[in-house]
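Commentary on secondary and tertiary structure
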Amino acid sequence: MKAGIVGLPNVGKSTLFNALTSAGAEASNYPFCTIEPNVGVVQVPDPRLATINRFIETKEVIPSIIQLVDIAGLVKGASEGQGLGNKFLSHIREVDAILHVVRCFDDADIVHVDGDIDPLRDIGTIETELLLADLQTVEPALDKVQRVARTGDKEAKLRTELLTQCRAMLSEGTPIRKLQLSTPEQRKMLKSLGLLTAKRVLYVANVDESNLHGTCAQVERVREYAASHDGEVVPVCARIEEELLELDEADRREMLESLGLEEPALATVARSAQHLLGLQSFFTAGPKQIRAWQVRAGSKAPQAAGVIHTDFERGFIRVEVYSVDELAEYGSEAALRAAGKMRVEGKEYVMQDSDVCHFLFNV
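Fair warning: this is a prediction, and the values are worked out from it, not measured in the lab. (Residues numbered from 1 in each chain as written. Predicted model: local features only at pLDDT ≥ 70, side-chain atom pairs only at ≥ 80, totals over all residues. Heavy atoms only, no water.)

Side-chain pairing between opposite charges can occur once the charged atoms of the two side chains come close. Tallying each qualifying case throughout the model produces 14 salt bridges. Two residues, Arg343 and Glu326, come together in a salt bridge whose shortest N-O distance is 3.8 Å. Of this pair, Arg343 sits in strand 11 (residues 343-345) while Glu326 sits in helix 13 (residues 324-330), and the two are 17 residues apart along the sequence. With relative accessibility at 28%, the residue Arg343 sits in the partly exposed group. Bridged by salt links that share partners, the residues Asp46, Arg48 and Asp353 form one connected network. (Salt bridge = Lys/Arg side-chain N within 4 Å of Asp/Glu carboxyl O. Helix = DSSP H or I, 4+ residues; strand = E, 2+ residues; numbered from the N terminus. Buried < 20%, exposed > 50% of the residue type's maximum accessible area, 1.4 Å probe, protein only.)

Structure below.
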């Protein structure tokens, strides 16, 4: 799964990207420092891995990951090509969700493209450009499919209905992610359009060192906006997070304690991004490795097996499953079996967050 980091120039996107991925992307005090998107991988911190490891010995522990794409800063007029906008918008089409970095700090040494700090104005600039870009996708597609629909083509009629709904929403300034779809066919059609405003958004409020918990008025305004637009907000001081990565574990823990933090804020960002993408975790555990895997919420056991290997899904027979909490309660897999807590489930089993699985398959 990919999440794209977007925002205006000079709001801290590349700094956040570096802190999340340790990628060392260039982060400078001028617009369009990033031209081609930087791509990196971020681990999703999960304390459940340590819990499993307390009761099952293994050689390595592997967390789940999310791929992050650092997309160059958008500006007003991006949908019309301003600031290399068309190129940057095409990069956003390729991701599954958006991490929208919003500047919520004052610093006279870091220029703002609009001259002053106004988080809601900045959010509005980005979202307006995404809406306009989607309109530019929807309107010609609607004109084309309407001609086919007149011939009586059933699929064209369904697509015409969907595109008409999309055009009406976009014209009203409403993102497509608010569109309620009732059938898998509609959802598949919508996905094929690659609309930017259909993607879920996590607002990352980039704050300064004096406001690590995001209690300032600027962040509160972003929270209010996100709440009314089905979004989430995570306050992060990207500069401090980048500094934390340069420290060894002992110094990092000391710095976190001095700042009054239990963990780096980026751990919250990674988990929130996973939740934003509609993912949940399941685990496999054995003497070679304990590993977290991601699967879409609502997926069935064969689909989860396929995340590990396509052969597992193709030859799925059954899965032995228990929860991390049950392992912690009973202390071992042997005790779970003896207590009848090691369940055997078939193809219709719907995966639950925190499942620990042993898949049985035959190819």
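Most often, soluble globular proteins keep nonpolar side chains buried together rather than apart. If you look at the biggest cluster of nonpolar residues, it comprises 57 residues, and the most contacted ones within it are Leu16, Leu68, Leu99 and Tyr203. Looking at which element gives the most residues to this core, the answer is helix 10 (residues 265-276), with six residues. With residues near it in sequence (within four places) discarded, Leu16 still touches Ile5, Val101, Val204, Val236, Ala238 and Leu266. If you look at the next biggest cluster of nonpolar residues, it comprises 19 residues, including Leu135, Leu190, Leu193 and Leu195. (Core = buried A, V, L, I, M, F, W, Y, C linked by side-chain atoms within 4.5 Å. Contact = heavy atoms within 4.5 Å.)

Right, let's talk about the sheet that holds strand 6 (residues 200-206) for a bit. Neighbouring strands of a sheet are bound in pairs by backbone hydrogen bonds; such pairs are parallel or else antiparallel. Strand order in the open sheet made by the six strands is 2-4-1-5-6-7, with mixed pairing throughout. Among the strands making up the open sheet, the edge pair consists of strand 2 (38-43) and strand 7 (232-236). In this sheet, adjacent strand axes meet at a mean angle of 25 degrees when their direction is disregarded. Sheet topology places strand 1 (residues 2-6) next to strand 4 (residues 65-70); four bridges connect them, and they run parallel. Within strand 4, the residue paired with Lys2 across the bridge is Gln67. Across the sheet, helix 10 touches strand 2, strand 4, strand 5 (97-103), strand 6 and strand 7, and the angle it forms with strand 7 is around 160 degrees. (Pairing = 2+ DSSP bridges. Axes fitted to C-alpha atoms, helices over the stretch in contact; angles between N-to-C directions.)

On to the pairing of strand 12 (residues 355-361). When strand 8 (residues 279-285) meets strand 12, the two strands line up parallel, connected through two bridges. Residue Phe283 lies in a different strand from strand 12, and its bridge partner there is Val356. As judged from the seven bridges shared by strand 10 (residues 316-323) and strand 12, these two strands associate in the antiparallel manner. Paired with Glu320 across the two strands is His358, which belongs to strand 12.

Mapped onto the fold, Ser323 is located in strand 10. Relative accessible area serves as the criterion here: at 18%, Ser323 is assigned to the buried category. Setting aside its immediate chain neighbours within four residues, Ser323 contacts Ser354 and Val356.

On their own, these measurements won't tell you what the molecule is for.
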